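Residue strings, one per chain:
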Amino acid sequence: MMPAKPFPITKRQVWEAYKRVKANQGGVGVDAQSLAEFAADLENNLYKLWNRLASGSYVPPPVKRVEIPKAGGGVRPLGVPTVADRIAQTVVKQALEPELEGHFHPDSYGYRPGKSAHQAIGQARQRCWRQDWVVDLDIKGFFDAIDHALMMRAVCHHSTEPWVLLYLERWLTAPVQMPDGTLQSRDRGTPQGGVVSPLLANLFLHYAFDAWMTRTYPQIPFERYADDALCHCRSREEAEDLKAALARRFAECRLELHLEKTKVVYCKDDDRRLDYPETAFDFLGYTFRPRRSRNRRGKFFINFSPAISNRAATAIRQRVRSWKLPQRSDKDLDDLARMFNPVIRGWINYYSAFYKSALYPALRHLDRKLALWATRKFKRLRRHRRRAEQWLRAIAQRQLGLFAHWRLIHKAAG
């Protein structure tokens, strides 16, 4: 009879974790093994992983660092674990998350079951209508700055499972493989891209920010999505006081508030006409600012509300350019629709939730690129861009459902 494993991790837990990882897909880690390659010997791979997890011998491999360009310049460092490590992290996450969910603040929206960015944006919009001032927070390099000792203290407050604590500590200290192949040790931070990192980030900020705000400034509502947060204040003085207090609070938690990027913003509209230099902020890909709106009776007024940010619209245009549509003259229009509709639907689903007409210029940019494709595809349209645009518009009016964005920016013929 085989001796019992020291940790009560079941094969079922590992199997359920694999199914979650498979559904989420993801890139390859330092071992260059894809999900398909892992699945080619699935039973054996899952058994070996379970055996190492349950025996306490599992040691996470280095995390592969990938640098993703930011829309506003610079790069965002992501850490890509191996497939096996993503499964192992999911096992721990599924054991810890139900306990933490019962303690998290209702206005924490990031990476939580049943919570979304749209909920955070919608709540922020409602509160901007009711409160005149916003503190728009920016924490310097949050994911790379998390203090490991404080992080583990927070985890220990919610779990006494030895295997949960053991593996979380090992993941926090796992080295990072840099793009040039060198290994870099870590004494702080948790890499963005790890399965368990968002849960740990939420736990850290629950104590560093959410619970502290509730205790210290119960009259000030807020929305937080991971390390992006907004606080709604009744006066400029209250907002400035909060900004200074937050700088001190984050310093206590060994984080740094980015004072140049943390702004006090006035929610200006028809009823709030104070002369103040900051009247806009970005939150989760949307820009909140005074906008011309129409009420139910058709009357126009100035409303402080969110719409797709210039940075997000620029990123859409850059993505469309990267498709090199004019060079795809070997494809039919139906082929292009099948290739790119999933991405276009994603843009529409996310950015049309509020003030959707602000998204239209970016979608019309896509149509201009499709018209250029037509000038390469058809001899009769070469050097006739305007005619190509008319040709495309006629097709859009007849087949509104062909491209995902056509129903928004075109009307049906007749």
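Parameters at a glance
- Each chain carries its own residue numbering, running from 1 in the written order of its sequence.
- pLDDT decides what is reported in this predicted model: residues at 70 or higher carry local features, side-chain atom pairs at 80 or more are listed and counted, and totals for whole chains, interfaces and linings draw on all residues regardless.
- To get the side-chain values, take all heavy atoms of the structure and skip hydrogens and water.
- A cavity, in this analysis, means grid points on a 1 Å lattice covering only the protein atoms where a 1.4 Å probe fits yet has no way out; a pocket is instead an open set bounded by protein on both sides within 12 Å along at least five of seven lines, and a residue lines either one if it has an atom within 4 Å of a point.
- Grid points are joined across faces, edges and corners, and a volume is the space filled by probe spheres set on the points.
- Only runs of H or I of at least four residues qualify as helices and only runs of E of at least two qualify as strands under DSSP, and these elements are numbered from the N terminus.
- A pairing counts as a salt bridge when a side-chain nitrogen of Lys or Arg comes within 4 Å of a carboxyl oxygen of Asp or Glu.
- Note on classification: 1.4 Å probe, protein chains only; a residue is buried when its accessible area is under 20% of the maximum for its type, exposed when over 50%, partly exposed between these limits.
- Strand pairing is assigned whenever DSSP detects at least two bridges linking the two strands.
- To get an axis, fit a line to the C-alpha atoms, keeping to the stretch in contact for a helix; angles then go from 0 to 180 degrees between the N-to-C directions.
- Note on residue categories: nonpolar means Ala, Val, Leu, Ile, Met, Phe, Trp, Tyr, Cys or Pro, charged means Asp, Glu, Lys or Arg, and polar means any other residue, Gly included.
- Throughout this description, the term nonpolar core refers to a set of buried Ala, Val, Leu, Ile, Met, Phe, Trp, Tyr and Cys residues connected via side-chain atoms within 4.5 Å.
- Working rule for contacts: check all heavy atoms of both residues, and any pair within 4.5 Å makes them a contact.

A. Structural view of the layout of surface pockets. Considering only enclosed or pocket space, the second largest pocket measures out at about 240 Å³ in volume. Lining the second largest pocket, in full, are Leu150, Arg153, Ala154, His157, Leu203, Phe204, Tyr207, Ala208, Arg249, Glu252 and Cys253. Going through the elements one at a time, helix H7 (148–156), helix H9 (197–216) and helix H10 (236–252) are the ones with two or more residues in the lining of the second largest pocket. Looking at the lining of the second largest pocket element by element, the count peaks at 4 residues for H9.

B. Region of interest: the pattern of salt bridges. Applying the stated criterion to the full structure yields 18 salt bridges. Between glutamate 223 and arginine 127 there is a salt bridge whose closest N-O contact spans 2.8 Å. Of this pair, glutamate 223 sits in strand S6 (residues 222–225) while arginine 127 sits in helix H5 (residues 117–130), placing them 96 residues apart in sequence. Here aspartate 132 makes a salt bridge to arginine 272, at a shortest N to O gap of 2.9 Å. Of this pair, aspartate 132 sits in the loop between H5 and strand S3 (133–137) while arginine 272 sits in the loop between strand S8 (263–266) and strand S9 (281–283), and the two are 140 residues apart along the sequence. Take aspartate 132: its relative accessible area is 27%, and that puts it in the partly exposed class.

C. Examining the sheet that holds S9 more closely. Ordered in space as S9-S10-S11, the 3 strands form an open sheet in which the pairing is antiparallel. The outermost strands of the open sheet, each flanked by one partner alone, are S9 and strand S11 (300–308). Adjacent strand axes in the sheet meet at a mean angle of 50 degrees when their direction is disregarded. With 9 bridges connecting them, strand S10 (residues 286–294) and S11 associate as antiparallel partners. The residue of S11 that forms the bridge with tyrosine 286 is isoleucine 308.

D. Spotlight on empty space enclosed by the protein. Summed over the entire model, instances satisfying the criterion amount to 2 cavities of 30 Å³ or more. Within this model, the largest cavity holds a volume of roughly 80 Å³. Lining the largest cavity are 13 residues, and of these Gln89, Trp171, Thr190, Pro191 and Ser197 lie nearest its centre. Listing elements by their share of the lining of the largest cavity, those giving two or more residues are helix H8 (162–173) and H9. Of all the elements, H8 adds the most residues to the lining of the largest cavity, at 3 residues. Taken together, the residues that form the lining of the largest cavity break down as 8 nonpolar, 4 polar and 1 charged. Taken as a whole, the second largest cavity holds about 30 Å³ of empty space.

E. Region of the structure containing the sheet that holds strand S1 (residues 63–69). The 4 strands are arranged S2-S1-S4-S5 in an open sheet whose pairing can be described as mixed. Strands at the two margins of the open sheet, each flanked by one partner only, are strand S2 (75–80) and strand S5 (183–184). Relative to strand S4 (residues 176–177), S1 is paired through 2 bridges, and the arrangement is parallel. Counterpart to lysine 64 in the pairing with S4 is glutamine 177.

F. Spotlight on the nonpolar core. Of all hydrophobic cores here, the largest spans 72 residues; its most connected members are Ile9, Ile87, Leu168, Phe209 and Met213. The leading source of residues in this core is H9, at 10 residues. Leaving out residues up to four positions away in the same chain, phenylalanine 209 has contacts with Leu137, Phe222, Arg224, Ala229, Cys231, Leu246 and Phe250. Judged by nonpolar contacts, the second largest core, of 54 residues, contains Ala120, Ala337, Tyr351 and Trp406.

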